[in-house]
Amino acid sequence: MGCSSSKAAELGETERIMNGRRGIDKSERIHSKSERARLAIARAKIAAKADAAAAQDRNKDRPPPKLNAAGQLMAEEVAKRTSGSVEAKDVILGELKSGDDEGIVHVRYAAMTQRGYYPDKPHKENQDAYYVCPSKFASGEGDAFFAVFDGHGDRGHDCAIYAKRKLHACLAQIIKKKRAAANAARLREMEARGEAKPKNAFHPSSWPYLDAKEYEEACRMAHLQCNKAMHDERRVKDSMSGTTAISVGFHAGRMTVSNVGDSRAVLGYRVEDGVDSGATPAEEEKVEIGEETNSEHKSNHSSLPQSATSGSIVAIPLSEDQTPYRKDERERLKKAGARICSIDQMEGIAPMHEDWGEVDLGVDIDEEGDPPRVWCRDHDYPGTAFSRSLGDTVGEDIGVSAEPEIVTKDITRGDEFLVIASDGIFEFLTNQRVIDICAECNDPQHACARLLEESYKQWLNYELRTDDITCIVLFLQSSKANDVEAIRGLMNKKHRIKKQKTKVGRELSMPDVTEGGGEPQSRI
């Protein structure tokens, strides 16, 4: 009796609750993009406070880093923040089963990372990460995979580490499935023709290679899968955090570069006799905005640099920074509902405009330090200075995409150096300077150390802080003939973006750190 009465009461309460829910308007139950973003921001702030409290608790007994009289890290402190390869390693990649020397690529590689220094957060974690699989990637003979990740936001280190562990796994799984399917189709065709199956027919070493488009599609799918998995991983809070991803996959004598964000891959290419040379943005005379005609603009990209004389090594960008400086990226973001402006513009200090002037990414350095950023239309977040990333669920609603831009190139004898690095390297070093440093070094480990050293000096020269700095350097050796048209095609792919001719340079916050000292130079 009492039991029946209790059940009736429970049923009545359930009916009352359900009736109440039915009365809620649909728009109140299902959050809009804007409301979802606000909720994500609120959750991120709560998580950030908890993280800050936990970090303070962890670091309360840790001594502060040792500084010199100028407030910079002592050499021993810099060494503590640096890790990676202690020596270069050798590997043979390419079409090993072909037996053709032209399909073989001899590679020496090394990787290093240096944790940045933030005076207000001296124990801040390194938000950079790198991944190296120098051979038999995805069970492929002669295949390899190298990647660098640069995290951002309060949970940027978690996002970078997650991408380091997940992206290569997604890619390897997709490649294996595609190659296994191609092998099964090949064996069915052989059986239909009455041919005997070859020895080790089902072993991965016997699987057909993917063509360039198939491999590129695998890379695209892997990035999207990794991004979705990051969203679904409850331990990774990526609403306002994320990571860049620059990777190079070696397969069938080709290298395929996939880029999400503003980290870079740059090739050091040795020019041979008979290569046409002409002006590129690095050498051409700067003109007032609007003076350059379309025909002149096109001709400037049709050839290699004037300095590309026979035997010289030129920097060829294999990726493009995905930032709102690029007009194509700005238009894509605005169509998705984003607002594009710098912090000064948002705060009313600078007038609203989209005339970002004339800058060639990788050749010119951002002197202002106030780049255009991505914002929700009616809110002051997320404020990303890049237009693509892994993670960043709030930014994803307004066009910040995980879709990679992909470039594939056959490895030839002109390809001597390959640098894969975070923007800690490229913030104050041009592509050409990075390649020149590599050319001055005897091996990749030495090149990594030099790049970290030079980048660190420049950060101290222009900032009170230093960013996380990470790079992978490969020395390549191949006997395959060069494809000059392919190199010119890579040069032509570069986006030209405009930057105001009159601008205020970033103030120098530290004296120039060079041998012999000297007064710092302005970069206006």
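## Considering the nonpolar core
If you look at soluble globular proteins, the nonpolar side chains tend to sit buried side by side.
Right, so step 1: Judged by nonpolar contacts, the single largest core of 33 residues is most densely connected at Val419, Ile425, Leu451, Cys471 and Val473.
Right, so step 2: Of all the secondary-structure elements, those providing two or more residues to this core are strand S3 (104–114), strand S10 (313–317), strand S16 (415–421), helix H11 (423–426), helix H12 (431–439), helix H13 (444–462) and strand S17 (469–478).
Right, so step 3: When residues in this core are grouped by element, the largest group, eight residues, is from H13.
Right, so step 4: Counting residues in each nonpolar core, the second largest holds 31 residues, with Val257, Leu267, Leu418 and Ile487 among its members.

## A few points about the packing of H12 against H13
Right, so step 1: Relative to each other, H12 and H13 sit at 135°, their axes nearing to 9 Å. Comparing their axes, H13 and H12 come out oblique. As H12 packs across H13, the resulting crossing turns out to be right-handed. Of H13, the residues touching H12 (which contributes Arg433, Val434, Ile437 and Cys438) are Ala447, Arg450, Leu451 and Glu454.
Right, so step 2: For the contact of H12 with H13, the residue count by class is five nonpolar, no polar and three charged.

## Considerations on the pairing of S3
Right, so step 1: Burial of S3 is extensive: nine of the 11 residues sit out of reach of the surface.
Right, so step 2: Direction of pairing for strand S1 (residues 82–84) relative to S3: antiparallel, over a ladder of three bridges. Looking at the pairing, Ser83 lines up with Thr113 of S3.
Right, so step 3: Pairing of strand S2 (residues 89–94) with S3 involves six bridges; the strand directions are antiparallel. Counterpart to Gly94 in the pairing with S3 is Ile104.

## Quick look at the pattern of salt bridges
Right, so step 1: A complete count under the given rule lists 26 salt bridges for this structure.
Right, so step 2: The partner of Arg155 in a salt bridge is Asp158, and the shortest N-O contact between them spans 3.8 Å.

## Overview of unusual backbone geometry
Right, so step 1: Note that the residue after Tyr381, namely Pro382, is joined by a cis bond; omega there is 0°.
Right, so step 2: Phi is positive for Asn200, which is not a glycine, with a value near 55°.
Right, so step 3: Here Asn200 shows up in the loop between helix H5 (156–192) and helix H6 (212–232).
Right, so step 4: Residue classification places Asn200 among the partly exposed positions, given a relative accessible area of 48%.
Right, so step 5: The phi torsion at Asp392 lies on the positive side, around 50°, for a residue other than glycine.
Right, so step 6: Its location among the elements puts Asp392 in the loop between strand S14 (390–391) and helix H10 (393–396).
Right, so step 7: The buried category is assigned to Asp392, whose relative accessible area is 3%.

## Topic: the packing of aromatic side chains
Right, so step 1: Tallied over the full model, the rule gives seven aromatic pairs.
Right, so step 2: When the ring of Tyr131 is compared with that of Phe145, the centres are 6.2 Å apart and the planes differ by 50°; the resulting orientation is tilted. Remark: Phe145 occurs in strand S5 (residues 144–152) and Tyr131 occurs in strand S4 (residues 128–133); sequence separation between them is 14 residues. Each of the two residues, Tyr131 as well as Phe145, counts as buried.
Right, so step 3: Their ring planes at 25° and their centres at 5.2 Å tell us that Phe428 and Tyr462 sit as a pair that is stacked. Separated by 34 residues along the polypeptide, Phe428 in the loop between H11 and H12 and Tyr462 in helix H13 bring together distant segments of the chain.
Right, so step 4: The buried category is assigned to Phe428, whose relative accessible area is 9%.
Right, so step 5: Here the aromatic cluster, defined as three or more aromatic residues joined through ring pairs, consists of Tyr109, Phe146 and Phe250.
Right, so step 6: Positioned over the ring face of Tyr118 is Lys124, at 4.7 Å from the centre of the ring.
Right, so step 7: Stacked on the ring of Tyr130, the Lys or Arg Lys164 has its end atom at 6.0 Å from the ring centre.

## Focus: the pairing of S17
Right, so step 1: The element S17 is extensively covered by neighbouring structure, given that nine of its 10 residues are classed as buried.
Right, so step 2: In the sheet, S3 pairs with S17 via 10 bridges, with the strands oriented antiparallel. Looking at the pairing, Ala110 lines up with Val473 of S17.
Right, so step 3: Across five bridges, the pairing between S16 and S17 is antiparallel. Looking at the pairing, Ala421 lines up with Cys471 of S17.

## Remarks on the environment of Arg62
Right, so step 1: Tracing the sequence through the fold places Arg62 in the loop between helix H3 (33–59) and helix H4 (75–80).
Right, so step 2: For Arg62, a relative accessible area of 39% gives the class partly exposed.
Right, so step 3: In contact with Arg62, other than residues within four places in its own chain, are Arg115 and His123.

## Considering the sheet that holds strand S12 (residues 373–376)
Right, so step 1: Read from one edge to the other, the open sheet built from three strands follows the order S11-S12-S13, with strand pairing classed as antiparallel. Each edge of the open sheet is held by one strand with a lone partner, namely strand S11 (338–341) and strand S13 (382–384). For this sheet, the mean inter-axis angle between neighbouring strands, taken without regard to orientation, is 30°.
Right, so step 2: Strand direction decides the pairing type here: S11 and S12, joined by four bridges, are antiparallel. Bridging across to S12, Ala338 finds its partner in Cys376.

## Concerning the side chain of Arg264
Right, so step 1: The residue Arg264 is located in strand S9 (residues 264–270) in this model.
Right, so step 2: On the accessibility criterion, Arg264 (8% relative accessible area) is buried.
Right, so step 3: Within the structure, the side chain of Arg264 is placed 2.9 Å from the side chain of Asp321, a separation counted as a polar contact.
Right, so step 4: A polar side-chain atom of Arg264 sits 2.9 Å from a polar atom in the side chain of Asn431.

What counts, and where the lines are drawn
- Residues numbered from 1 in each chain as written.
- Predicted model: local features only at pLDDT ≥ 70, side-chain atom pairs only at ≥ 80, totals over all residues.
- Heavy atoms only, no water.
- Core = buried A, V, L, I, M, F, W, Y, C linked by side-chain atoms within 4.5 Å.
- Buried < 20%, exposed > 50% of the residue type's maximum accessible area, 1.4 Å probe, protein only.
- Helix = DSSP H or I, 4+ residues; strand = E, 2+ residues; numbered from the N terminus.
- Axes fitted to C-alpha atoms, helices over the stretch in contact; angles between N-to-C directions.
- Parallel < 35°, antiparallel > 145°, perpendicular 65-115°, else oblique.
- Left-handed = near helix turned anticlockwise from the far one by under 90°.
- Contact = heavy atoms within 4.5 Å.
- Nonpolar A, V, L, I, M, F, W, Y, C, P; charged D, E, K, R; others polar.
- Pairing = 2+ DSSP bridges.
- Salt bridge = Lys/Arg side-chain N within 4 Å of Asp/Glu carboxyl O.
- Phe/Tyr/Trp six-rings, centres within 6.5 Å; stacked < 30°, edge-to-face > 60°.
- Lys NZ or Arg CZ within 6 Å of the ring centre and 35° of its normal.
- Polar contact = N/O pair within 3.5 Å; in protein donor to acceptor, adjacent residues only side chain to side chain.

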